Amino acid sequence: MASSYFRQTAVGTNAGATTTKAAVASRVMCFTDIAVTTDAASLITIEEDVAGTPVVLWRVRLSAGTGAIPFVYTFASPVRSVSGLSLSLKVSASTSNCEVSCGGFSYNPNATT
């Protein structure tokens, strides 16, 4: 079961920011850790299949008092997509700037080695 590791980042303005690990046939996408910086009260979500029928797999709300301080989280068990679906990290609109970053891996659950 060969894994492919990744780290990606997206920067946004007042419209929020999203980074998406694109869907790959027969691959499960997994987020192991995330980091978000925003300057306003925000909703952070991890969503599966944003191009189709999005499903929120995880979420947290940051209060206004946490603005401009990074929110960093490492999952004890990775957040996983269904095989063949994308996985996205999103932060809602901010006052003027925000950033999302995630790390993880993908794997083929049907692989024998």
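A brief look at the structure comes next. (Residues numbered from 1 in each chain as written. Predicted model: local features only at pLDDT ≥ 70, side-chain atom pairs only at ≥ 80, totals over all residues. Heavy atoms only, no water.)

Things to note about the overall build of the protein chain
Part 1: Helix and strand counts for the protein chain stand at zero helices and eight strands.
Part 2: On C-alpha atoms alone, the protein chain measures out to a radius of gyration of 14 Å, which is about the 13 Å that the 2.2 N^0.38 rule sets for 113 residues.
Part 3: For the C-alpha atoms alone, the extent of the protein chain along its principal axes is close to 50 × 25 × 20 Å.
Part 4: Partitioning the intrachain contacts of the protein chain with sequence separation of at least 6 by distance along the chain shows that 79% fall at a separation of at least 24.
Part 5: With the model as given, the accessible surface of the protein chain reaches about 5800 Å², and the carbon-plus-sulfur share is 54%. (Helix = DSSP H or I, 4+ residues; strand = E, 2+ residues; numbered from the N terminus. Rg over C-alpha atoms; globule rule 2.2 N^0.38 Å. Contact = heavy atoms within 4.5 Å. Areas by Shrake-Rupley, 256 points an atom, 1.4 Å probe, with all protein chains shown as cover.)

Looking at the environment of Lys90
Part 1: Looking at where Lys90 falls in the secondary structure, it is placed in strand β7 (residues 87–91).
Part 2: As a C-alpha pair, Lys90 and Thr19 span 71 residues in sequence and 6.7 Å in three-dimensional space.
Part 3: Once you skip the residues sitting within four places of it in the chain, Lys90 turns out to touch Ala17, Thr18, Leu43, Ile44, Thr45, Glu47 and Val100.
Part 4: A polar atom in the side chain of Lys90 sits 3.4 Å from the side chain of Glu47. (Polar contact = N/O pair within 3.5 Å; in protein donor to acceptor, adjacent residues only side chain to side chain.)

Overview of the nonpolar core
Most often, soluble globular proteins have nonpolar side chains that are buried together.
Part 1: In this structure, Ile34, Ile44, Ile46 and Leu89 are the most contacted members of the largest nonpolar core, which totals 20 residues.
Part 2: Counting residues per element, this core draws most heavily on strand β3 (residues 28–38), at four residues.
Part 3: The contact partners of Ile46, leaving out residues within four places of it in the chain, are Phe31, Ile34, Val55, Val56, Leu57, Trp58, Phe75, Val79, Leu87, Ser88 and Leu89. (Core = buried A, V, L, I, M, F, W, Y, C linked by side-chain atoms within 4.5 Å. Buried < 20%, exposed > 50% of the residue type's maximum accessible area, 1.4 Å probe, protein only.)

Digging into the pairing of strand β4 (residues 42–48)
Part 1: Along β4, six of the seven residues are buried, which leaves the element largely enclosed by surrounding structure.
Part 2: Where β4 meets strand β5 (residues 55–62), seven bridges bridge the pair, whose relative direction is antiparallel. Its bridge partner lying in β5, Ser42 is registered against Leu62.
Part 3: Hairpin connection, β4 to β5: the antiparallel pair is bridged by six residues, and Asp49 has positive phi, about 60°. (Pairing = 2+ DSSP bridges.)

Regarding the pattern of salt bridges
Part 1: Taken as a whole and assessed by the stated rule, the structure comprises two salt bridges.
Part 2: Here Arg7 and Asp33 are joined by a salt bridge, their closest N and O atoms 2.6 Å apart. Of this pair, Arg7 sits in strand β1 (residues 3–12) while Asp33 is found in strand β3, placing the two residues 26 residues apart along the sequence.
Part 3: Here Glu47 and Lys90 are joined by a salt bridge, their closest N and O atoms 3.4 Å apart. Separated by 43 residues along the polypeptide, Glu47 in strand β4 and Lys90 in strand β7 bring together distant segments of the chain.
Part 4: Glu47 sits in the buried class, given a relative accessible area of 11%. (Salt bridge = Lys/Arg side-chain N within 4 Å of Asp/Glu carboxyl O.)

Observations concerning the sheet that holds strand β8 (residues 98–107)
Part 1: Pairing is antiparallel across the open sheet formed by four strands, whose spatial order is β1-β8-β3-β6. Edge positions in the open sheet fall to β1 and β6 (71–80), since each of these has one partner strand only. Ignoring which end each strand starts from, the neighbouring axes of this sheet average 15° apart.
Part 2: Pairing of β3 with β6 involves six bridges; the strand directions are antiparallel. Pairing of Cys30 across the sheet is with Arg80, part of β6. (Axes fitted to C-alpha atoms, helices over the stretch in contact; angles between N-to-C directions.)

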